[in-house]
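# What the coordinates show
Spelled out, the chains give:
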Amino acid sequence: MIPPPLAGEPLVAVRNLRVGFPSATGVTRAVRGVSLHVGREKLGIVGESGSGKSVTGRALMRLLPGTAMVEADVLRFGTTDILGASEREMRALRGGRIGLILQDPKYSLNPVMTAGAQIEEALRAHKRIGRREARDAALALLESVRIRDPRRVRDAYPHELSGGMGQRVMIAMMLAPDPELLIADEPTSALDASVQAEILSLIEEQVDRRGMALMLISHDLPLVSRFCDRVAVMYAGQVLEELPAAELHRATHAYTRGLLECLPSLEHRRDRLPTLRRDPAWLAPRP
Amino acid sequence: MTGPPLTGPPGTAAPDGAPMIEVRDLDVRFGGNHAVRGATFRVARGETFGLVGESGSGKSTVLRAIAGLVTEWTGRVAVDGRDLGRRRDRAFFRAVQMVFQDPYGSLHPRQTVDRILSEPLAVHGVAEADARILRALEEVALPRAARFRYPHQLSGGQRQRVAIARALIAGPRVLLLDEPTSALDVSVQAEVLNLLSDLRAARELTLVLVSHNLAVVAHLCARIAVMQGGRIVEELGEAALREGRAVHPHTRDLIRLSRAIEAG
């Protein structure tokens, strides 16, 4: 059993994380010195495609391909040093103490297993429980993610479920081993706006009720600010700005401001949308 | 800029004042799935018309029926005053072009931009391909160097510009846009939306935009139809949409959601 983190210590500590991918023409530096800490809170990581936000999340679970060059001064979950941990220790973290929800349940659920069987598998992999007990627990989990007809969904295959329903199943599976941290990487980008709001409030409710930490990775600034406590804005592998989510509209960095301003608005009519002028200075290494 | 030849031989074009697109009682069935149920609307020449709704509401299917990509439809579809059958002729494709959501999926991965842009010119027998390609690249603000690149060597925004250039290169009158910015970052979305409004104004294009995003549709379109369960449940102007003057409960729901997300 892994000891819980010391009192007052953040659950996740990242200092000077660097990730590079070697290619034929040199090394692509996807993450260039990211420092973050996450306590029992909801942290949003926003940025455009290629900003390094997903790679940062994957590095925490050591889920990057073997060719990736990962270095950090500190990369710690609880008391586990991620870079030094054994595969066995990592297996206890992945899907056990850290849950990961991905964008499209169509691809992240196993197409040849029923929803119920996948949740039971998650339970039995991380908890000492019997088959019958797991079956009952899976049903209870499906109920807790507000599925109205949990028995039908338990026996359904992923292709028989809608996108929103599939994402609920995914969430139920990730909640099964009672994780301490949930990493949600674009969990609602494949869903309709109305379903999006339902799924995010479901994640929020479960995170609050279970006292988990949440890392919400997304390209959608307004959405993240609505559901998180704190937001880190990433650009070209670095965190440019970190601020309380409620103060996003008061963001000072030109990049954050630019991202907010180029959104078309339903409320206010504009003939042209302001476009982002990328300042080369944003690429400079940050202290 | 003068427009290209009208659809069909001279003399068959509709008189001025006839709508560019007319869809009446359009029904589309895929087996047991009744995807579009009696959709009716008109789009005037040079107008931008939006179709909004959630996934499965039938909005993309309406667009694909106009484009001729869906053949199992009944009802009336007319472009430029000519009733269209299930099969479309070359003149139709010269006049009506489409841009899809995912530029990576809609561009041939093993063809260079040059080849991608040459194809419509060859199909329609357009002369001066070289000059046309250079002008098309300039028009969508792509560097000349992009001409001999492959799609995977371009960013998502550049790829969507190539898709737009391909749609425009033979000089269409109507552009059908299916979620053209949904796969793009918001900064790139702003650039592509600006590009589309500039091109529309410069070429007097008629646009039909399908999107789930109300803010995007209101930005580009003058008139908007809201779809739910295969039906058009409401049609309203851009100002009415912005001000929330909607009658149908589904439209009101969509507006409420969009406002909540915008408010953060």
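Above this note sits the structure.
This next bit is on the overall build of chain A. In terms of helices and strands, chain A carries 10 helices and 11 strands. Against the 2.2 N^0.38 benchmark of 19 Å for 287 residues, chain A shows a C-alpha radius of gyration of 20 Å, consistent with a compact globule. Across its three principal axes, chain A shows a C-alpha extent of roughly 60 × 50 × 45 Å. For chain A, buried positions account for 41% of its 287 residues.

Our next topic: the overall build of chain B. Across its full length, chain B holds 10 helices and 10 strands. Rg of the C-alpha trace for chain B: 18 Å, near the compact-globule value of 18 Å for 264 residues, within the 12% margin. Per-residue burial over chain B gives 46% buried out of 264 residues. Partitioning the contacts of chain B with sequence separation of at least 6, the portion at a separation of at least 24 is 69%.

Residues and elements named next belong to chain B. Two elements in contact, helix α6 (residues 156–168) and helix α7 (residues 186–203), have axes whose closest approach is 10 Å; the angle formed by their N-to-C orientations is 15 degrees. On the basis of the axis angle, α6 is roughly parallel to α7. α6 and α7 meet at a crossing whose hand is right-handed. The segment α6 lies against α7, with Gly 156, Gly 157, Gln 160, Ile 164 and Leu 168 engaging Val 188, Glu 191, Val 192, Leu 195 and Leu 199.

What you tend to see is this: most non-glycine residues have negative phi, and most peptide bonds are trans. Residue and element names in this part refer to chain A. Of note in the backbone geometry, Arg 62 takes a positive phi value of approximately 50 degrees without being a glycine. Relative to the assigned elements, Arg 62 resides in the loop between α1 (53–61) and β4 (69–71). Unlike most non-glycine residues, Asp 178 shows phi in positive territory, near 55 degrees. Accessibility expressed as a C-beta count within 10 Å gives 13 for Asp 178, which makes it partly exposed.

On to helix α8 (residues 193–210) of chain A. Residues and elements named next belong to chain A. Taking 1.5 Å of rise per residue, 18 residues should cover 26 Å, and α8 covers 26 Å from first to last C-alpha, within 8% of that figure. Of all the positions in α8, only Gln 196, Ile 199, Leu 200, Ile 203 and Val 207 are classed as buried. For α8, the angular spread of the buried residues around the axis is 95 degrees, confining them to a single face. Exposed residues lying more than 90 degrees from the buried face of α8 are Asp 208 and Arg 209. Just downstream of α8 lies Gly 211, where phi reads positive at about 65 degrees.

All names here are of chain B. Taking strand neighbours across the sheet as the criterion, the 6 strands line up as β6-β7-β8-β3-β9-β10 in an open arrangement whose pairing is mixed. With one partner strand each, in any of the chains shown, β6 (96–99) and β10 (231–237) form the two edges of the open sheet. With strand direction ignored, the average angle separating the axes of adjacent strands in the sheet is 20 degrees. For strand β3 (residues 48–52) and strand β8 (residues 206–211), the ladder comprises 5 bridges, and the chain directions are parallel.

The next subject is the packing of helix α4 (residues 115–126) of chain A against helix α7 (residues 163–175) of chain A. Residue and element names in this part refer to chain A. Where α4 meets α7, the closest approach of the two axes is 8 Å, and the angle between their N-to-C directions is 20 degrees. Comparing the axis directions of α4 and α7 gives the class roughly parallel. The hand of the α4/α7 crossing is right-handed. Residues Ala 115, Gln 118, Ile 119 and Ala 122 of α4 form the contact with α7, whose own contacting residues are Val 169, Ala 172 and Met 173. Of the residues contributing to the contact of α4 with α7, the split by class is 6 nonpolar, 1 polar and no charged.

So, on to the pairing of strand β3 (residues 42–46) of chain A. Residue and element names in this part refer to chain A. The buried fraction of β3 is high, at 5 of 5 residues. Here β3 shows two buried faces, one formed by Lys 42, Gly 44 and Val 46 and the other by Leu 43 and Ile 45. Pairing of β3 with strand β9 (residues 213–218) involves 5 bridges; the strand directions are parallel. In the strand pairing of β9, Gly 44 is matched with Leu 216. As judged from the 4 bridges shared by β3 and strand β10 (residues 230–235), these two strands associate in the parallel manner. Looking across to β10, one finds that Leu 43 is bridged to Arg 230.

Moving on, we get to helix α10 (residues 249–263) of chain B. What sets the pattern is the α-helix's 3.6 residues per turn: residues three or four places apart point alike. Across its 15 residues, α10 of chain B extends 21 Å between first and last C-alpha, which sits within 8% of the 21 Å expected from 1.5 Å per residue. Buried residues along α10 of chain B sit against α8 and α9 (221–227) of chain A together with β3, α8 (214–220), β9 (223–228) and β10 of chain B.

Our focus in this paragraph is the interface of chain B and chain A. Each partner contributes residues to the interface: chain B has 23 residues there, and chain A has 26 residues. Counting only elements with at least two residues in the side of chain B that touches chain A, the list comes to α7, α8 and α10 of chain B. Per element, the largest residue contribution to the side of chain B that touches chain A is 6 residues, and it comes from α7 of chain B.

Turning our attention to the environment of Thr 28 of chain A. All names here are of chain A. The topology assignment puts Thr 28 in strand β2 (residues 26–38). Spatially, the C-alpha atom of Thr 28 lies 30 Å from that of Leu 248, the residues being 220 residues apart in sequence. Contact partners of Thr 28, with chain neighbours within four places excluded, come to Gly 20, Phe 21 and Ser 23.

How each quantity is defined
- Residues numbered from 1 in each chain as written.
- Chains lettered and ligands numbered in written order.
- Predicted model: local features only at pLDDT ≥ 70, side-chain atom pairs only at ≥ 80, totals over all residues.
- Helix = DSSP H or I, 4+ residues; strand = E, 2+ residues; numbered from the N terminus.
- Rg over C-alpha atoms; globule rule 2.2 N^0.38 Å.
- Buried ≥ 20, exposed ≤ 12 C-beta atoms within 10 Å, placed from the backbone.
- Contact = placed C-beta atoms within 7 Å.
- Axes fitted to C-alpha atoms, helices over the stretch in contact; angles between N-to-C directions.
- Parallel < 35°, antiparallel > 145°, perpendicular 65-115°, else oblique.
- Left-handed = near helix turned anticlockwise from the far one by under 90°.
- Expected span 1.5 Å × (residues − 1).
- Arc of directions from axis to C-beta.
- Pairing = 2+ DSSP bridges.
- Nonpolar A, V, L, I, M, F, W, Y, C, P; charged D, E, K, R; others polar.

Geometric values such as these leave the question of function open.
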